[in-house]
Amino acid sequence: MSVITLTIDGQAIAIEEGATLLEAAQEVGAAIPTLCHLKGLSPVGACRLCVVEVEGIPKLLPACVTAAAEGMVVHTNTDNLQDYRRTIVELFFAEGNHVCAVCVANNNCELQDAAISTGMTHVTYPYQYPQREVDVSHPQFGLDRNRCILCTRCVRACDELEGAHVWDIAYRGEHAKLIAGLDQPWGTVDACTSCGKCVDACPTGAIFRRGATVAEMERDRAKLEFLAQAREEQQWTR
Amino acid sequence: MIDLQQLQDIGQQERDRRKPVRIRCCTAAGCQSSGACSVKEQLDGAVAAADLGDRVAVAGVGCMRFCGRGPLVAVDHEDGTSQLYEGVTPENAASIVGTLQGQPTTATLGDWNHPFFAHQMPIVLENSGNIDPERIEEYIAVGGYQQLYRALHDLSPEAVVKEISASGLRGRGGGGYPTGLKWATVAKMPGDQKYVICNADEGDPGAFMDRSVLESDPHRILEGMAIAAYAIGANHGYVYVRAEYPLAIAHLQTAIKQAKRLGILGSQIFDTDFDFKVDIRVGAGAFVCGEETALIASIEGKRGNPRPRPPYPAQSGLWQSPTLINNVETYANVAAILRRGSEWYARIGTEKSKGTKVFALTGKVENTGLIEVPMGTTVRRIVEEMGGGVPGGRQVKAVQTGGPSGGCIPAHLFDTPVDYDSLLALGTMMGSGGAIVIDDETDMVDVARFYMDFCRSESCGKCVPCRAGTVQMYELLDRILEGRATERDLASLERLCVVVKDTSLCGLGMSAPNPVISTLRYFRHEYESRLRSPMAAGHGG
Ligand SMILES: Cc1cc2nc3c(=O)[nH]c(=O)nc-3n(C[C@H](O)[C@H](O)[C@H](O)COP(=O)(O)O)c2cc1C
Ligand code: SF4
Ligand code: SF4
Ligand code: FES
C-alpha cells in the first residue's frame, strides 16, 4: 500500500492510495455535505451534494466517488460550491413533500442538515406537490414516500448488509419510486427480516419506526432553533 | 473451416450468378413503411410475367438514402448505367420492368446526379442500397470479411490498433473520442476476459443512421467488431439494439447465423486461434441506456442506470472486465480503413475530424434522408444544396444537431464546416448524426421545451440535478412560452442550466440544458419578448 499527499482547503494531508476525496476531507475535518453516501455501503454518487473543486480540472467532482490523487489541490467549501449545493438542496425540497413540521425526523434529518450547511433559507423553485404513497403495511415500520429523496441508502443497506434485497427503485425520472418487493405492500414482502437496517440508513423521515419520534426531536437544540425560525418564516412548510 | 480461397470463391460465385440486369428495391424500414414490400412483390411478379427471369433479377436491398422520396427502386443495366425511380407504388412498379422491353413507365424518374447524392461520399454506406443485407454472399462478393482475414493472418493486434489510430477515426456515438486510443487502452488492460460492445441504442429523436446501417449492411458491423475484438483481445461481443428496430434485429440475427455457418464467427476463425462470438441484447428503448455505463448495466440484467466514471468501461466494464464500447457507425468504418489504408482515410475530412459522417437530414427540409458527407462539409451545403432548403417558400432559421444533447446552428453561421470542434465552438455538437432543419415559423423556445420534455421523461432519476432539474427547467420554459414568466424566471432557468450541466452524474443530465443554452445564445430575443413585466406578474405557482 502506498501513501499519497494532497492539499485540501489549504491543509496538506497524507492518505493511503485508493482513499476517496471525501475520506481525505473528513480526515482534515473539512465538512462536505453528503446525502446518498453512507459509510459501509457501496457508493453511488447520486445526490451530487459532495461536489468539490480540484485545481486544474474544469469539472466539479463528486468527492464520495473520486479517488484522491497525488498532488491534488482540493477546495471543498467555496462560495461557488455552496451555491451549487444550495440549488441542489432546493431541488430536493421542491420535488418531494417535505413538511418538516409534522415529520418524524424533524431535527434528525440529513436533508435538513444539508439545508442548514448550505445556508438554504428558502426554495426558489415551485413545489411540485407530487402524489406519493404511504405504506404502513409493515407491523413495525412505515414508509412515507413523500419524504423519500431516492438516495437508495435503504436499498443498499438491505441488499448489501442484510442480504434481503427488499427494496428497489422502479420507474424513471420524476416518477422514480422506491418499491418493496415487486411493487407490493412492504408488510407482504416475505424477504423482509424486519431487521430495521433501512430505518437506520434512511437520511430523512421516509422510513421510520412506527411510534417513536418526539424524543429525538428534543435532543438537538440548535437544529430545533433553526427549524422554529424556518417555520416562523414559512420557508419549509410552503 | 473457411480459408481465403474459399472466401474468394464464394464472392466469385456470387458475382457469376448475377444476371445482366439487376433491379434493386429498397426494403429498409423507411421504404417499407411506405409500401416497399408490395412494390418488390410487383417487381418480382412483373419479371416472371414478362419471362425475363434469366436476364433480370430483383433484389431487396438496404437503404438507398433518399428516404423522403421512397419507396426507391434502381435498375442497373447491362451497360453499367443505372436508373433511379422514386415514390414507386405497387401500381406503377410493373411498368418499371416494362422499360426493359422498351415500354414507357408511369413511375417517377429519380436522378443519381441530384445534389442530394452528388455531394455524398459513401464509406459507411458504401454497400447500403447495393447489396441484399440478408445474404452474406453479397457482402463477401464486395470484399466482405477479407479484412478480418487479413487482420488475423497478416497483422498483429498492435498493428491493427496502430492503423485505426493513424486513420484519425473518432467515435461516432456523439463524443468523438479517438477510436484508436480507446482500442489501445482496452488492449493494454491486463486480464484475460475482455468484451466488445456495439452501441446501437440510437435514441435521439430524428436519428436513424445506425438503424439504417444495421438494416442495410449488418455484416459490416460484425466484421468491424471482430477486427476490434482481435485488436483488443476479446472473444465475446454484444450488440445492444433497441427493441423499436425489429428489422435491424432480424437482419443482424440472420447475419450472425450466416457468419457462424461459414465459420467466420465462432472458434478458430480462419484457422487461427482467434475465437469470437456475438450476442444481441435488445434494449427496451430507454434513451439513457445508450449511455455506456447504463448500457452495460442493462446487458448485465440490471436496471439501466448510469454509474459514475471512472472507472471507464475500458478499465472495468461488462462484468468488471475491460470493455470496448463503440457506436455502430464507428465499427462500420473499420473494415474500410483496413482495406484502403489509414492514409487514405486520414486524407478525408478536416485536420482533427477525419473521414465522413452520416447524418439523418429531417425536419423542415425539402429532401429528407440519409447523407454521408466528408467531415468539413459546410452546413449550408447540407441544408441548402443537398437538402434543397425549406419547402413552401419559407426561410430556414436553424439546424439542430446532437438532438437533446446538442444545440442549434443559426442560419447566419451556415458556412461553418461540420466537424467535431467547429460544432462544439458553436455550442452544439456532432452528436450521433441527427440534423433537424427548423424553419422561420418555428418558435425556438418551443424547440427548447420539446427537448427538455424529452430529457425530463428520459432521465433515469438517479441523480437529483437531472431528475428534478429537468422538471423545473421544463416548467420554466413552459411558463415563458405561455407568456407567464418574468425576468426572474429567465434568470432561474439560466442558473439551473449551469447547475444541471455541472453537477449531473451522466451525459444525459450534463447535456440536457444544451438546447436551452444554445437557443438562448442565438435567439435570446425570442425568450425575452415573451417575458412579462415583474410588476404585472405575481410570482409562484
Ligand atoms: C444519454 C446518452 C445517450 C447515448 N446514446 C448513445 C447511442 O444511442 N448510441 C451511441 O453510440 N452512443 C450513445 N451515447 C454515447 C455512449 O455513452 C458512448 O460514448 C459511445 O457509445 C461510445 O462509442 P464511440 O466512441 O464509438 O462514439 C450516449 C450517451 C449518453 C450520455
Ligand atoms: S426511503 Fe430513505 S433511504 Fe430509502 S431511498 Fe428514500 S430517502 Fe433514501
Ligand atoms: S444525469 Fe439523469 S440520466 Fe444521468 S444518472 Fe443522473 S438522473 Fe440518471
Ligand atoms: S454523497 Fe457524493 S454524490 Fe451523494
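Since we're looking at a predicted model, the values are computed, not measured. (Residues numbered from 1 in each chain as written. Chains lettered and ligands numbered in written order. Predicted model: local features only at pLDDT ≥ 70, side-chain atom pairs only at ≥ 80, totals over all residues. Heavy atoms only, no water.)

## Side note on the overall build of chain A
The line we're drawing: Labels follow the DSSP assignment, with helices taken as runs of H or I lasting at least four residues and strands as runs of E lasting at least two, numbered in each case from the N terminus. Using a 1.4 Å probe on the protein chains alone, a residue whose accessible area is under 20% of its type maximum counts as buried, one over 50% counts as exposed, and one in between counts as partly exposed.
Helix and strand content of chain A: seven helices and ten strands. When the 238 residues of chain A are sorted by exposure, 50% land in the buried category.

## Quick look at unusual backbone geometry
Residue and element names in this part refer to chain B. In this chain, R309 is followed by P310 through a cis amide linkage whose omega measures -5°. Here P310 is to be found in the loop between α13 (292–299) and β9 (323–327). The omega torsion of the bond from P310 to P311 falls at 0°, within 30 degrees of zero and hence cis. With respect to the secondary-structure elements, P311 resides in the loop between α13 and β9. Here D271, not a glycine, exhibits a phi torsion of approximately 60°, which is positive. Mapped onto the secondary structure, D271 falls in the loop between α12 (246–261) and β8 (277–283).

## Some thoughts on the site of ligand 1
Residues and elements named next belong to chain B. Selection rule: Neighbouring residues are identified by heavy atoms, a residue being near a molecule or strand if any of them is within 4 Å of it. By the criterion applied in these results, polar contacts are pairs of N or O atoms within 3.5 Å in which, for protein atoms, one can donate a hydrogen and the other can accept it, and in which residues neighboring in sequence qualify only through two side-chain atoms. All accessible-area figures derive from a Shrake-Rupley calculation using a 1.4 Å probe, and residue coverage is judged against the displayed protein chains alone.
Around ligand 1, a shell composed of 18 residues is seen, among which G173, K182, N326, N327 and T330 lie nearest. Taking G290, its main chain carries an N or O atom lying 3.2 Å from a nitrogen atom of ligand 1. Between ligand 1 and T330, the relevant distance is 2.7 Å, taken from an oxygen atom to a side-chain nitrogen or oxygen of the residue. When isolated, ligand 1 has an accessible area of 600 Å², and the protein chains bury 89% of it. Breaking the shell around ligand 1 down by element, the ones donating at least two residues are β9 and α21 (507–511).

## Examining the site of ligand 3
Keep this limit in mind: Residue polarity follows a fixed list, in which Ala, Val, Leu, Ile, Met, Phe, Trp, Tyr, Cys and Pro are nonpolar, Asp, Glu, Lys and Arg are charged, and the others, Gly among them, are polar.
Around ligand 3, a shell composed of 13 residues is seen, among which C460(B), C463(B), C466(B), C506(B) and G509(B) lie nearest. Of the residues that constitute the shell around ligand 3, the class distribution is eight nonpolar, four polar and one charged.

## Regarding the nonpolar core
Just so we agree on the cut-off: In this text, buried Ala, Val, Leu, Ile, Met, Phe, Trp, Tyr and Cys residues form a nonpolar core when linked through side-chain atoms within 4.5 Å. By definition in these notes, contact holds between two residues if any of their heavy atoms fall within 4.5 Å.
Core analysis: the largest hydrophobic core is formed by 120 residues, its most contacted members being Y145(B), W183(B), V196(B), I264(B), F270(B) and F276(B). Not counting residues up to four positions away in its chain, the partners in contact with V196(B) are M225(B), A228(B), A229(B), I232(B), A234(B), H236(B), G237(B), Y238(B), F276(B), L324(B) and Y331(B). Core analysis: the second largest hydrophobic core is formed by 50 residues, V44(A), V464(B), L490(B) and L493(B) among them.

## Considerations on the interface of chain B and chain A
Selection rule: Simply put, the buried area is the total loss of 1.4 Å probe accessible area from both parts when two parts are fitted together. For this analysis, a salt bridge means a side-chain nitrogen from Lys or Arg found within 4 Å of a carboxyl oxygen belonging to Asp or Glu.
Contact with chain B, which involves 30 residues of that partner, is made by 28 residues of chain A. Buried area between chain B and chain A, both sides added, is near 2500 Å², and the carbon and sulfur share of it is 55%. When the buried area of chain B at its contact with chain A is split by residue, V464(B), R467(B) and Q472(B) rank highest and sum to 22% of it. Put simply, chain B and chain A have three salt bridges between them. For the salt bridge of R467(B) with E95(A), the shortest nitrogen-to-oxygen distance reads 2.6 Å. Scanning the region where chain B abuts chain A turns up 14 residue pairs in polar contact (both at pLDDT 80 or more). When residues in the side of chain B that touches chain A are grouped by element, the largest group, nine residues, is from helix α19 (residues 464–481) of chain B.

## Remarks on the pairing of strand β2 (residues 56–61) of chain B
Residue and element names in this part refer to chain B. For the record, the criterion: Two strands qualify as a pair provided that DSSP identifies no fewer than 2 bridges between them.
Most of β2 sits out of view: five of its six residues are buried. Bridge analysis of strand β1 (residues 21–26) against β2 gives six bridges, and the strand direction is parallel. Bridge pairing links R22 to A57 in β2.

## Overview of the domain arrangement of chain A
Residue and element names in this part refer to chain A. Note the threshold: For the domain bounds, the source is a domain assignment made automatically or taken from a database.
Taken domain by domain, chain A holds domain 1 (3–77) and domain 2 (83–232). Centre-to-centre separation of domain 1 and domain 2, based on C-alpha positions: 25 Å. Taken together, the contacts link 21 residues of domain 1 with 19 residues of domain 2. Surface buried jointly by domain 1 and domain 2 totals about 1400 Å² across both partners, of which 63% is contributed by carbon and sulfur atoms. On the domain 1 side of the contact with domain 2, L35, L41 and L49 bury the most area, a combined 42% of that side's loss. There are zero salt bridges connecting domain 1 and domain 2. Taken together, the residues of the side of domain 1 that touches domain 2 break down into 14 nonpolar, six polar and one charged.

## Overview of the packing of aromatic side chains
All names here are of chain B. What counts here: Planes of paired rings set the category: under 30 degrees apart is stacked, over 60 is edge-to-face and the rest tilted, where pairs are Phe, Tyr or Trp rings (Trp by its six-membered ring) whose centres lie within 6.5 Å. By definition here, charges over rings are those cases where NZ of Lys or CZ of Arg is within 6 Å of the ring centre and within 35 degrees of the ring normal.
One pass over the structure, following the stated rule, counts 17 aromatic pairs over all chains. Taking the centre distance of 5.1 Å and the plane angle of 75° together, the rings of F450 and Y451 count as edge-to-face. Overall, F450 belongs to the partly exposed group, its relative accessible area being 46%. Feature note: the residues F66, W112, F116 and F117 constitute an aromatic cluster, connected by ring pairs. Positioned over the ring face of Y245 is R242, at 5.4 Å from the centre of the ring.

## Focus on the pattern of salt bridges
Residues and elements named next belong to chain B. Counted by the stated rule, this structure contains 47 salt bridges over all chains. D453 serves as the salt-bridge partner of R456, at 2.8 Å between the closest nitrogen and oxygen. Taken together, the positions of R456 and D453, both in helix α18 (residues 444–458) and three residues apart, correspond to about one turn of that helix. Among the charged side chains, a network of salt bridges with common partners joins E14, R17, R18, R22, R135, E137 and E138.

## Focus on the pairing of β9(B)
All names here are of chain B. Among the five residues in β9, five count as buried, and that is most of the element. Burial along β9 is two-sided: T323, I325 and N327 and L324 and N326, pointing in opposite directions, are all buried. As paired strands, strand β6 (residues 195–200) and β9 are joined by five bridges and run parallel to one another. Bridging across to β9, Y195 finds its partner in T323.

## Some details on the domain arrangement of chain B
Annotation of chain B at the domain level lists domain 1 (19–118), domain 2 (143–346), domain 3 (356–439) and domain 4 (444–534). A straight line from the C-alpha centre of domain 1 of chain B to that of domain 4 of chain B covers 47 Å.

## A look at the confidence of the model for chain B
Quick note on the threshold: Known as pLDDT, the predictor's confidence for each residue is given on a scale from 0 to 100.
Looking at chain B, pLDDT values average 95 and 99% of them are 70 or higher. The ipTM for the predicted assembly is 0.91, set against a pTM of 0.93.

## Here's the deal with the side chain of T356(B)
All names here are of chain B. Examined against the element boundaries, T356 turns out to sit in strand β10 (residues 356–363). A polar side-chain atom of T356 sits 2.5 Å from a polar atom in the side chain of E372. Beyond its immediate stretch of four places on either side in the chain, T356 contacts M121, I123, R172, E329, Y345, I348, E372, V373, P374 and M375.

## Quick notes on the sheet that holds strand β7 (residues 236–242) of chain B
All names here are of chain B. Test applied: To get an axis, a line is fitted to the C-alpha atoms, and for a helix only the part in contact is used. The angle between two axes follows their N-to-C directions and goes from 0 to 180 degrees.
Overall, parallel pairing links the four strands, which are arranged β8-β7-β6-β9 in an open sheet. Looking at which strands have only one partner, the edges of the open sheet turn out to be β8 and β9. Across the sheet, the mean angle from the axis of one strand to that of its neighbour is 20°, orientation sign disregarded. In this fold helix α11 (residues 218–232) packs onto β6, β7, β8 and β9, with an angle of close to 150° to the strand it touches most, β6.

## As for the packing of helix α9 (residues 179–188) of chain B against α11(B)
For any two helices packed against each other, one specifies the crossing angle of their axes together with the interaxial distance. Residue and element names in this part refer to chain B. To be explicit about the condition: Oblique is the label for every angle not falling under 35 degrees (roughly parallel), over 145 degrees (roughly antiparallel), or within 65 to 115 degrees (roughly perpendicular).
Running from N to C, α9 and α11 cross one another at 45°; their axes reach a closest spacing of 8 Å. As judged from the angle between their axes, α9 and α11 are oblique. For the pair α9 and α11, the contacting residues are W183, V186 and A187 in the first and A228, A231 and I232 in the second.

## Quick notes on the confidence of the model for chain A
For chain A, the average pLDDT comes to 89, and 89% of its residues sit at 70 or higher. Predicted confidence is poor over residues 217–232 of chain A, with pLDDT under 50, and the contacts of this stretch with residues over four places away or in other chains come to 22 contacts.

## Observations regarding the sheet that holds strand β13 (residues 407–410) of chain B
Whether parallel or antiparallel, the strands of a sheet pair through hydrogen bonds between backbone atoms. Residues and elements named next belong to chain B. On the basis of which strands lie adjacent, the open sheet formed by five strands has the order β11-β10-β14-β12-β13 and mixed pairing. At either margin of the open sheet sits one strand with a lone partner, and together these are β11 (369–374) and β13. The average undirected angle you get between the axes of adjacent strands in this sheet is 30°. Note: β10 against strand β14 (residues 434–439), four bridges, orientation parallel. Residue pairing across strands places T362 opposite I436, the latter belonging to β14. Sitting on the sheet, helix α22 (residues 514–528) is in contact with β12 (396–401) and β13, with an inclination near 35° to β13.

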